[in-house]
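Working through the structure, step by step
Chain residues, written in single-letter form:
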Amino acid sequence: NVGSIAAVVTEGQAWYTGLDLNWKWHSGIGWYSLSYTLSKSEDMGPDPLKGGIYLPPDSDNLSSERGLSDNDRRHRFVAAGDIGLYLLGLRLSGVYQFATALPFNVTTGADDNLDGITSDRPAGVSRNTGAQTPLAPVNAYRADNGMAPVSSLSAPYLSQLDLRIYRPFVLKHGKGYGQGFFQIFNVFNRYNGGLVEGRVLASNF
């Protein structure tokens, strides 16, 4: 007689393990640095400040929601540096980043358990499994809805080079400092994809 009643609470846990390796060289003409991070970040739900309210498909089994965090990147490499060009006082600095793909949540895109939230997943699919999602339950759900099977899942990795040419200067009588610069982001104009469409019934899944 009263419809659906939901008690929304904030609970769950988060886990992080990682290894950071860093090297830096510095001299009178500039500096270089290299860093590598191997990590694994897990939690029991998305960040409510980013994804809004999230209800697990089975609120009586919260432990089954443990999965990779939305911001988990297993491998990350960063190279950065700054060096003088011996030309008109110009300097060159840059940053190159490489990181493996983010996970994404595969959902049905429908409210299968009638809780008013479309965060349900095909039976047998865990949260944020991304490209490692088992395809059998995904294709079974698609077949039940008259859709063709998919043969693989993938997510874009990050690869980006940013460069900056600049010239520092001192204001008259030493009253301050400044710099003029020319900056290019993503020098090679590489497509670094954003969020992946994880609804199995979406036309662009």
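Now for a description of the structure that goes with this document. (Residues numbered from 1 in each chain as written. Predicted model: local features only at pLDDT ≥ 70, side-chain atom pairs only at ≥ 80, totals over all residues. Heavy atoms only, no water.)

Each helix and strand in the chain was counted, giving two helices and seven strands. Starting at the N terminus and ending at the C terminus, the chain contains elements arranged as β-β-α-β-β-β-α-β-β. Taken over C-alpha atoms, the radius of gyration comes to 24 Å for the chain, far larger than the 17 Å a tight globule of 205 residues would show. A burial count over the chain gives 27% of its 205 residues as buried. In the chain, the share of contacts with a sequence separation of at least 24, taken over all contacts with a separation of at least 6, comes to 59%. Side-chain charges of the chain comprise 17 positive and 18 negative groups, with the mean position of each set lying 20 Å from the other. (Helix = DSSP H or I, 4+ residues; strand = E, 2+ residues; numbered from the N terminus. Rg over C-alpha atoms; globule rule 2.2 N^0.38 Å. Buried < 20%, exposed > 50% of the residue type's maximum accessible area, 1.4 Å probe, protein only. Contact = heavy atoms within 4.5 Å. Lys, Arg positive; Asp, Glu negative; His and termini not counted. Charge placed at Lys NZ, Arg CZ, Asp CG, Glu CD.)

Examined bridge by bridge, strand β1 (residues 14-26) and strand β2 (residues 30-43) share 13 bridges and lie antiparallel to one another. Across the sheet, residue Asp-20 finds its bridge partner in β2, namely Thr-37. Connecting β1 to the antiparallel partner β2 that follows it, the hairpin turn spans three residues. Sheet topology places β2 next to strand β4 (residues 75-84); nine bridges connect them, and they run antiparallel. From the neighbouring strand, Gly-30 faces β4, where its bridge partner is Ile-83. Where β2 and strand β3 (residues 67-68) come together, two bridges link them in antiparallel fashion. When the sheet's bridge partners are listed, Asp-43 is paired in β3 with Gly-67. (Pairing = 2+ DSSP bridges.)

One number sums up the size of the second largest pocket: a volume of about 210 Å³. Around the second largest pocket, the lining comprises 14 residues; the ones closest to its centre are Leu-68, Pro-103, Thr-129, Ala-131 and Gln-132. Taken together, the residues that form the lining of the second largest pocket break down as six nonpolar, five polar and three charged. (1 Å grid on protein atoms, 1.4 Å probe; cavity = no way out; pocket = protein on both sides within 12 Å on 5 of 7 lines; lining within 4 Å. Points joined across faces, edges and corners; volume = space filled by probe spheres on them. Nonpolar A, V, L, I, M, F, W, Y, C, P; charged D, E, K, R; others polar.)

For the rest of this paragraph, the subject is the side chain of Asp-72. Structurally, Asp-72 can be placed in the loop between β3 and β4. Judged by relative accessible area, which is 3%, Asp-72 ranks as buried. At a separation of 3.4 Å, a polar atom in the side chain of Asp-72 contacts the side chain of Arg-74. For Asp-72, the contacting residues outside a window of four places in its chain are Ser-39, Lys-40, Ser-41, Ala-101, Leu-102 and Pro-103. (Polar contact = N/O pair within 3.5 Å; in protein donor to acceptor, adjacent residues only side chain to side chain.)

Moving on: a nonpolar patch on the surface. Residues Leu-85, Leu-87, Leu-88, Leu-163, Ile-165, Phe-182, Ile-184, Val-187 and Phe-188 make up a contiguous nonpolar surface patch of roughly 840 Å² in combined accessible area. Those elements giving two or more residues to the nonpolar patch turn out to be β6 (158-170) and β7 (177-184). The residue Val-187 is located in the segment after β7 in this model. Here Val-187 falls in the partly exposed class, since its relative accessible area comes to 30%. (Patch = residues over 30% accessible without salt bridge, like charges linked within 9 Å, V, L, I, M, F, W, Y side chains within 5 Å. Areas by Shrake-Rupley, 256 points an atom, 1.4 Å probe, with all protein chains shown as cover. Salt bridge = Lys/Arg side-chain N within 4 Å of Asp/Glu carboxyl O.)

Bringing the side chain of Thr-133 into the picture now. Structurally, Thr-133 is set in the loop between β5 (91-99) and α2 (135-144). At 2.5 Å, the side chain of Thr-133 and the side chain of Thr-129 are in polar contact. Dropping the residues within four chain positions of it, Thr-133 is found in contact with Val-106, Val-125, Val-138 and Leu-153.

Glancing now at the pattern of salt bridges. This model, assessed by the stated rule, comprises seven salt bridges. The shortest N-O distance in the salt bridge between Asp-43 and Arg-127 comes to 2.5 Å. Of this pair, Asp-43 sits in strand β2 while Arg-127 sits in the loop between β5 and α2, and the two are 84 residues apart along the sequence. Grouping residues by exposure puts Asp-43 and Arg-127 together as buried. Salt bridges sharing partners connect three or more residues here, namely Lys-40, Glu-42 and Arg-66.

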